[in-house]
Amino acid sequence: MTDTANRGAAAPGADEAVVMSGVHKWFGAFHVLRDINLTVKRGERIVVCGPSGSGKSTLIRCINRLEEHQRGRIVVDGIELTQDVKRIEQIRREVGMVFQQFNLFPHLTVLENCTLAPIWVRKMPRRQAEELALRLLERVRIPEQAQKYPGQLSGGQQQRVAIARSLCMNPKIMLFDEPTSALDPEMVKEVLDTMVSLAKEGMTMLCVTHEMGFARQIADRVIFMDSGQIVEENAPEAFFTNPQQERTKLFLGQILA
Amino acid sequence: MPMSHVADTRAGEAAAELKPPALERSRVAAQLASLVSSPTNIVLTLLALAIAYAALVPAVRFLVVDAVWTGVDREACLASTAGRPVGACWPFVFNRIGFFVYGQYPIAERWRVNVTALIAMVLIAWALAPSLPRRGIAVFLFFVPFPIVAFLLLTGSTALGLEPVPTNLWGGVLVTVTISLLGMVVSLPLGTVLALGRRSSMPIVRLVCVVLIEVIRGVPLIALLFMANRMLPLFLSPGMQPDSLLRVIVGVCLFASASMAEVIRGGLQALPKGQYEAAQSLGLGYWPMMLLIILPQALKLVIPGIVNTFISLFKDTTLVTIVGIFDFLTAVEVSANVPQWSSPVTSVTGYAFAAMFYFACCYAMSRYSLAMERRLATESR
């Protein structure tokens, strides 16, 4: 991974983790994404916020093709997303995702949750995959839970397992879709701490969240969406202290009040 | 659920001294008390007892008290010979049990059926018992070499020195179990494939699966059996007429697969979308996602439905008699009409025995599925 210093210095293209240009998407007749143009550089941390229904989740779900965009181009890690299943799977291997509802596999132990993709997608030997998984479980500070089933863990622990599961694929980009919204308040911090440490290690991150403290602390850019459009984007300090758009001011007034 | 007195800690000083509430009367005692707790309940209780008495006493009388236990032919089971009212004619069952089990399978060759059954039972028990080691081997043996061995043993092979036994001599439990077992073994995977196909994103695959499922499910099994038995020969050249037992097995398998597909589809739909998305986001392709993530959970959800389909299938095999296949129930019926045993109680005895047989098999399946549900439920908790 690159560090902040040499971002933007490399050849054009190679330095971009995600490029979205002129992306549109509809759910039936509902125009959920309107002309999205967004470039995410390698190592960049982006926080996406906006009112509910503004299309922010759909935006990041388009990046690993959980949602299909209908117009425009999306290039992830130098690969353009098309109907080609091979390409889609190739991109998904490099893009980790953490969901609001954790989506751990309840019939597998924590360790099996983590080793499944390395073994079946990366074709890693089981022993090696287990070592990797234990290392990453240690990193999210729950190695002692490896043999338990997800249902035996608290929400915060489950979400940390979900992060470790994604990291086991050694992704180049991590997507977070409201990772703390389903958690009890006292568990939010442990998950955010994990994300902060990940950010400090230089992971490229796109994070849909309303945790403004988190955004201030680690985001390089904050993107505000409303009605399917990117209304405003700015560095966090400027975004919070000096929002340019009326809608942004209104939104910030509501969530920071 | 225990009563919630334990949670009552409002009074700080009392909390330490609070003891659990006195033992409730056991549930059985409470239930018994409620039987006579009001005039209406007393009347209902008496009514229920009367019905139970009216049903149970004659049954026990017929099956045990008045039953005839020894004899060599119909004479033993006649009221005139016994000098008392007679109930079930058990010597009939003892005498004809071989026919019930094997049909007209040649007596000298019946050991082949026994050997096949023994292998099947050992493999099935090994594969299904959670405590036994290396169950994967049992499953492999059951699905790959066993069908070949069973086929050679049962139908015979001149090369191996086993006298060929045409399937029209097969009968009884042998036929019932063969049809049911093949139906179960085929319908689970085929039903799974049809269910997946029905939910596929590929329109042609989906269309084919929907048409297959709906057409087969929309036709009574009897009609399907008739079609397999009478219409199939019209389409095929006289040289390649499939065996009539095989035709029926194909019909039963298709029918069971269509029901199974709908049961499994229910399980697939009950899984949260997040499971699919999590698997996809990790880069798993369609088949690894289905085999490792989706199906293990979906099938577990619908175990009751799967076993229900198996039980229906097992009982539905009695319909094959209509196309001239000699299943267990037919063997019982035919035996009741042989002159040697013909008496007023013979056929009732036969049906009672058949009912016990079907009940024992279905109840065993039901109990196994309950045990499996419990085990799988604790596994992921």
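Residues numbered from 1 in each chain as written. Chains lettered and ligands numbered in written order. Predicted model: local features only at pLDDT ≥ 70, side-chain atom pairs only at ≥ 80, totals over all residues. Heavy atoms only, no water.

- The name given to chain A in an unreviewed UniProt entry is Arginine ABC transporter ATP-binding protein, with the source organism recorded as Chelatococcus reniformis.
- One UniProt comment on chain A, placed under Sequence similarities (unreviewed entry), says "Belongs to the ABC transporter superfamily." (UniProt positions renumbered as here; feature names shortened; annotations may be inferred.)

## Focus: the overall build of chain A
Move 1: From N to C terminus, chain A includes nine helices and 10 strands.
Move 2: Its C-alpha atoms give chain A a radius of gyration of 18 Å, near enough to 18 Å, the size a compact globule of 257 residues would have.
Move 3: If you line up chain A on its principal axes, its C-alpha atoms span 55 × 45 × 45 Å.
Move 4: Per-residue burial over chain A gives 56% buried out of 257 residues. (Helix = DSSP H or I, 4+ residues; strand = E, 2+ residues; numbered from the N terminus. Rg over C-alpha atoms; globule rule 2.2 N^0.38 Å. Buried < 20%, exposed > 50% of the residue type's maximum accessible area, 1.4 Å probe, protein only.)

## As for the overall build of chain B
Move 1: Across its full length, chain B holds 17 helices and zero strands.
Move 2: Taking 21 Å as the expected radius of gyration for a compact globule of 381 residues, we find that chain B reaches 27 Å, considerably beyond that expectation.
Move 3: Expressed as lengths along the three principal axes of its C-alpha atoms, the size of chain B is roughly 90 × 70 × 40 Å.
Move 4: Intrachain contacts of chain B at a sequence separation of at least 6 include 67% that bridge at least 24 residues.
Move 5: Summed over its atoms, the accessible surface of chain B is roughly 21,200 Å², and 72% of this surface lies on carbon and sulfur atoms.
Move 6: When the 26 basic and 18 acidic side-chain charges of chain B are each reduced to a single mean position, those positions are 4 Å apart. (Contact = heavy atoms within 4.5 Å. Areas by Shrake-Rupley, 256 points an atom, 1.4 Å probe, with all protein chains shown as cover. Lys, Arg positive; Asp, Glu negative; His and termini not counted. Charge placed at Lys NZ, Arg CZ, Asp CG, Glu CD.)

## Quick word on the pattern of salt bridges
Where side chains of opposite charge bring their charged atoms close, a pairing between them can arise.
All names here are of chain A.
Move 1: One pass over the structure, following the stated rule, counts 25 salt bridges over all chains.
Move 2: Between R221 and E44 there is a salt bridge, with its nearest N and O atoms 2.9 Å apart. With R221 in strand β9 (residues 221-226) and E44 in the loop between β2 (30-41) and β3 (45-49), this residue pair connects regions lying 177 residues apart in the sequence. The pair R221 / E44 is uniform in exposure class, with both members buried. (Salt bridge = Lys/Arg side-chain N within 4 Å of Asp/Glu carboxyl O.)

## Some details on helix α5 (residues 155-167) of chain A
Move 1: With 13 residues, α5(A) extends 18 Å between its outermost C-alpha atoms, agreeing within 8% with the 18 Å of an ideal straight helix rising 1.5 Å per residue.
Move 2: Among the 13 residues of α5(A), 13 are classified as buried, and the element is accordingly described as predominantly covered. (Expected span 1.5 Å × (residues − 1).)

## What to know about the nonpolar core
Move 1: By size, the foremost hydrophobic cluster in this structure holds 119 residues, and its most contacted members are A:M20, A:L206, B:I179, B:L268, B:I293 and B:F328.
Move 2: Setting aside chain neighbours within four positions, we find A:L206 in contact with A:V18, A:L38, A:V40, A:I46, A:I60, A:I63, A:I173, A:M174, A:L175 and A:F176.
Move 3: Judged by nonpolar contacts, the second largest core, of 51 residues, contains A:L104, A:V110, A:L192 and A:F214. (Core = buried A, V, L, I, M, F, W, Y, C linked by side-chain atoms within 4.5 Å.)

## Section: the UniProt feature "domain: ABC transporter" (unreviewed entry) in chain A
Move 1: In this structure's numbering, the residues bearing the UniProt feature "domain: ABC transporter" (unreviewed entry) are residues 18-252 of chain A.
Move 2: Segment residues 18-252 of chain A splits into 39% helix and 26% strand. End C-alpha atoms: 27 Å apart.

## Observations concerning the pairing of strand β8 (residues 204-208) of chain A
All names here are of chain A.
Move 1: Within β8, five of the five residues are buried, which leaves it mostly tucked inside the rest of the structure.
Move 2: Of the two faces of β8, the one lined by T204, L206 and V208 and the one lined by M205 and C207 are each fully buried.
Move 3: Where β3 and β8 come together, four bridges link them in parallel fashion. Paired with V47 across the strands is C207, a residue of β8. (Pairing = 2+ DSSP bridges.)

## Considering the state of the cysteines
All names here are of chain B.
Move 1: The tally for this structure, following the rule as stated, stands at one disulfide over all chains.
Move 2: Residue C77 pairs covalently with C89 via a disulfide, S to S 1.9 Å. Here the disulfide of C77 and C89 is right-handed, its torsion about the S-S bond being about 70°. Of the two residues, C77 is situated in the loop between α3 (39-65) and α4 (79-82) and C89 in the loop between α4 and α5 (90-102); the sequence distance between them amounts to 12 residues.
Move 3: In this model C361 remains outside any disulfide bridge; the closest cysteine sulfur is found in C362, 6.6 Å from its own. (Disulfide = S-S within 2.5 Å.)

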